[in-house]
Amino acid sequence: MKSLSETYDMQGQTLRNRFVMAPMTRARAKDGIADDQTALYYRQRATAGLIVSEGTPISRQGTGFAFIPGIWSDAQVHGWQGVTRAVHEEGGRIFAQIWHVGRMSHTSLQPAGAQPVSSSAKPARDANSTAFAFNDEGVAGFVEASVPRPLETNEIASIVDDFANAAANAVTAGFDGVEIHGANGYLLEQFLNPHVNDRSDRYGAGTVEDRTRFVLEVVDAVIARIGAERVGIRFSPFGKLFDMPHHPLIEETYLHLAAALDARRLAYIHLKDQGRADAPALSPDFLRKFRETYSGTLILAGSLDKQRAEQLLRHGLIDLAAFGQPFISNPDLVERMEQDLPLAKPNRETYYGGGAEGYTDYPVYQHGPEAKVA
Ligand SMILES: Cc1cc2nc3c(=O)[nH]c(=O)nc-3n(C[C@H](O)[C@H](O)[C@H](O)COP(=O)(O)O)c2cc1C
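Along each chain, residues carry numbers from 1 onward, in the same order as the chain's sequence is written. For a predicted model such as this one, the threshold for reporting local features is a pLDDT of at least 70, and the threshold for listing and counting side-chain atom pairs is 80 or more; totals across whole chains, interfaces and linings nevertheless cover every residue. The side-chain numbers reported here are obtained from all heavy atoms of the structure, hydrogens and water having been left aside.

## Focus: the overall build of the chain
Step number 1: If you tally the helices and strands in the chain, you get 10 helices and 14 strands.
Step number 2: With the radius of gyration taken over C-alpha atoms, the globule rule is written as 2.2 Å times the number of residues to the power 0.38. The C-alpha radius of gyration computed for the chain amounts to 20 Å, which stays within 12% of the reference 21 Å derived for 374 residues, consistent with globular compactness.
Step number 3: Referenced to the eigenvectors of the C-alpha coordinate spread, the extents of the chain come out at roughly 65 × 50 × 40 Å.
Step number 4: Partitioning the contacts of the chain with sequence separation of at least 6, the portion at a separation of at least 24 is 74%. Under the scheme used here, helices are H or I runs from DSSP no shorter than 4 residues and strands are E runs no shorter than 2 residues, and both carry numbers assigned from the N terminus. Should any heavy atoms of two residues lie within 4.5 Å, those residues are considered in contact.

If you want it as structure tokens, here you go:
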């Protein structure tokens, strides 16, 4: 019977269990470079079978948060080397999540204060659609995302290149692979969603081939640079984050991607369920169809607990289970879940920004007669 504790062969890379630490932005890199604190944070969590790093922007233009470590410059690659070394010393594996936020940015983060870019000129305007950027006084905080400008058709190739360069940089930095960020309302999803994408060129919303062209060009460019077995991709079908309205073509779009990616023999596809535990966004029916279309490694994230993760594993619907917030407050989540120990609750106030507090100071479970949960 499949369990979270089993090892897993992911396209030739052996994972020591089926726990994945989901990508989580923590916004603590003062100069946009991963440092010793970053390395310590990931080292503490390296018992996961696979860690996916926080989103790491592929370019200044792709940046939508202040204080996040990028992966386009030599200094940034050097910073990440400390992180991958730490994880490998603990026997773990780590992929870099490579990221372009598209319209979810702010002029204060863009090169020369330019407008952010997207598939269209439509800004994200729902209540959550903020960027963590700088206000007019230069103080960091959540601000409304700026109005984007639509990318010219001939600009898209250079973003594809940025993704490929970021992937090559990730390998130089010692990452075991990359996860292309195709989820959560960021640039690639801004092309997949016909409510945002109003283009009429070959990346337009008219056909599923056109809508998915940018994503698949990125995948192919990254594969060409580092090999398919080191490439994963994340999607959030039926997610609405950052003003991504539902549309009738969701299933068609993602099943088309599932089929196209099946042929490419990737390391994995990572689905993020943006619902809640009691109301998942991904129906069992959709998950089953996706599974039938995509025969490679499938990861699921979103409000999972041990019981649900093992149930999905047993039913063969997923291969690996990703946990986000539980990993923030439980660096030893794997041990705690394996031994059914109580879990510590994370403090939301310290998710983003700041220093060691709420980052590297969550203790492991204290065994013994005075055992106390943090
Ligand atoms: C603080 C925080 C930062 C996050 N940053 C990212 C990110 O950089 N990239 C991403 O794809 N998802 C990000 N997520 C979403 C998580 O990867 C995960 O899918 C989500 O938290 C749901 O899983 P959970 O219910 O186990 O926490 C973030 C979530 C949190 C709580």
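## Considering the pattern of salt bridges
Step number 1: Salt bridge, as used here: a side-chain nitrogen of Lys or Arg that lies within 4 Å of a carboxyl oxygen of Asp or Glu. Tallied over the entire structure, the rule returns 18 salt bridges.
Step number 2: The partner of arginine 149 in a salt bridge is glutamate 155, and the shortest N-O contact between them spans 2.7 Å.
Step number 3: Its salt-bridge partner being arginine 211, residue glutamate 252 comes within 2.8 Å of it at the nearest N-O pair. Separated by 41 residues along the polypeptide, glutamate 252 in helix H6 (residues 250-262) and arginine 211 in helix H5 (residues 208-226) bring together distant segments of the chain.
Step number 4: For every residue, the accessible area (1.4 Å probe, protein chains only) is compared with the maximum for its type, and the residue is labelled buried under 20%, exposed over 50%, or partly exposed between those bounds. Note on arginine 211: relative accessible area 0%, which makes it buried.
Step number 5: Three or more residues joined by partner-sharing salt bridges are found here, namely Glu251, Asp285, Arg288 and Lys289.

## Here's the deal with the sheet that holds strand S4 (residues 50-57)
The strands making up a sheet associate through hydrogen bonds between their backbones, and the pairing can be parallel or antiparallel.
Step number 1: When DSSP finds two or more bridges between a pair of strands, those strands are recorded as paired. Taken together, 8 strands build a closed barrel; the order of strands is S3-S4-S5-S10-S11-S12-S13-S14 and the barrel is parallel. On average, each strand axis in the sheet is inclined to that of its neighbour by 25°, with strand direction left out of account.
Step number 2: In terms of strand pairing, S4 meets strand S5 (residues 94-99) through 5 bridges, oriented parallel. For isoleucine 51, the partnering residue across the bridge sits in S5 and is isoleucine 94. In this analysis an axis means a line fitted to C-alpha atoms, helices contributing only their contacting stretch, and an angle means the value between N-to-C directions, from 0 to 180 degrees.

## Details of the packing of aromatic side chains
Step number 1: Two rings from Phe, Tyr or Trp (for Trp, the six-membered ring) form a pair when their centres sit within 6.5 Å of each other. Planes less than 30 degrees apart are called stacked, planes more than 60 degrees apart edge-to-face, and all others tilted. Summed over the entire model, instances satisfying the criterion amount to 21 aromatic pairs.
Step number 2: Cluster of aromatic residues (ring-pair linked, three or more members): Phe65, Phe67, Trp99, Phe132, Phe134, Phe142, Tyr186, Phe242, Tyr351 and Tyr352.
Step number 3: Geometrically, a charge over a ring is one whose NZ (Lys) or CZ (Arg) sits within 6 Å of the ring centre while staying within 35 degrees of the ring normal. Over the ring of phenylalanine 67 we find lysine 30, and its NZ or CZ is 5.7 Å from the ring centre.

## Some remarks on the site of the ligand
Step number 1: We define proximity as follows: a residue is near a molecule or strand when any one of its heavy atoms falls within 4 Å of that partner. Within the structure, the ligand sits among 19 residues, and Pro23, Thr25, Arg234, Ser303 and Gln325 are positioned closest to it.
Step number 2: Under this definition, polar contacts are N or O atom pairs within 3.5 Å; protein pairs additionally need one hydrogen-donor-capable and one acceptor-capable atom, and for neighbouring residues in sequence, both atoms have to be side-chain atoms. With respect to the ligand, the side chain of glutamine 97 contributes an N or O atom lying 2.8 Å from a nitrogen atom.
Step number 3: In this structure, asparagine 184 approaches the ligand through a side-chain N or O atom, which is 3.4 Å from a nitrogen atom.
Step number 4: Here a cavity denotes grid points, spaced 1 Å and computed from the protein atoms alone, that fit a 1.4 Å probe unable to get out, and a pocket denotes an open set having protein on both sides within 12 Å along at least 5 of 7 lines; residues with an atom within 4 Å of a point are the lining. Here the criterion for a molecule occupying a pocket or cavity is that more than half of its atoms lie within 2 Å of the pocket grid points. When atoms are counted within 2 Å of each cavity's grid points, the one that captures over half of the ligand is the largest pocket.

## With respect to the environment of aspartate 340
Step number 1: Mapped onto the fold, aspartate 340 is located in the segment after helix H10 (333-338).
Step number 2: Judged by relative accessible area, which is 58%, aspartate 340 ranks as exposed.
Step number 3: Sequence separation of aspartate 340 and lysine 306 is 34 residues, and the distance between their C-alpha atoms is 8.9 Å.
Step number 4: Here lysine 306 takes part through its side chain, which lies 3.0 Å from a polar atom of the side chain of aspartate 340.

## Regarding H5
Owing to its 3.6 residues per turn, the α-helix brings residues three or four apart onto one side.
Step number 1: Expected span of a helix, by definition, is 1.5 Å for each gap between consecutive residues, and there is one gap fewer than residues. Across its 19 residues, H5 extends 27 Å between first and last C-alpha, which sits within 8% of the 27 Å expected from 1.5 Å per residue.
Step number 2: At any given residue, the bend is defined as the angle formed between two axes, one fitted to the seven residues that end at that position and one fitted to the seven that begin there. By the largest-angle criterion, phenylalanine 214 marks the main kink of H5, which is about 40°.
Step number 3: Note on H5: the residue one or two positions beyond its end, glycine 227, has a positive phi of about 95°.

## Considerations on the layout of surface pockets
Step number 1: Grid points are joined across faces, edges and corners, and a volume is the space filled by probe spheres set on the points. What the largest pocket holds in volume is close to 1,300 Å³.
Step number 2: Lining the largest pocket are 38 residues, with Leu241, Lys272, Gln325, Tyr351 and Tyr352 positioned closest to its centre.
Step number 3: Looking at the lining of the largest pocket, the elements that each hand over two or more residues are S5, strand S7 (130-134), strand S14 (320-323) and helix H9 (325-329).
Step number 4: Put simply, the second largest pocket is a space of about 210 Å³.
Step number 5: Along the wall of the second largest pocket there are 16 residues; nearest its centre are Asp31, Gly32, Arg60, Phe67 and Ile68.
Step number 6: Each residue gets one of three labels, nonpolar for Ala, Val, Leu, Ile, Met, Phe, Trp, Tyr, Cys and Pro, charged for Asp, Glu, Lys and Arg, and polar for the others, Gly among them. Here the lining of the second largest pocket is built from residues that sort into 8 nonpolar, 5 polar and 3 charged.

## Regarding empty space enclosed by the protein
Step number 1: Here the structure, examined in full by the defined rule, presents 1 cavity of 30 Å³ or more.
Step number 2: Quantified by volume, the largest cavity comes out at close to 90 Å³.
Step number 3: Around the largest cavity, the lining is made up of 13 residues, and of these Glu189, Asn193, His247, Ile250 and Tyr254 lie nearest the centre.
Step number 4: Contributing elements (two or more residues each) for the lining of the largest cavity: helix H4 (187-192) and H6.
Step number 5: Among the residues forming the lining of the largest cavity, the class breakdown is 7 nonpolar, 5 polar and 1 charged.

## Digging into the environment of methionine 21
Step number 1: Position of methionine 21 among the secondary structure elements: in strand S3 (residues 19-21).
Step number 2: Overall, methionine 21 belongs to the buried group, its relative accessible area being 1%.
Step number 3: The sequence separation of methionine 21 and tyrosine 42 amounts to 21 residues, and the corresponding C-alpha distance is 9.7 Å.
Step number 4: Once residues lying within four places of it in the same chain are set aside, the contact partners of methionine 21 are Tyr41, Tyr42, Arg45, Ala48, Leu50, Ile51, Val52, Phe323 and Phe327.

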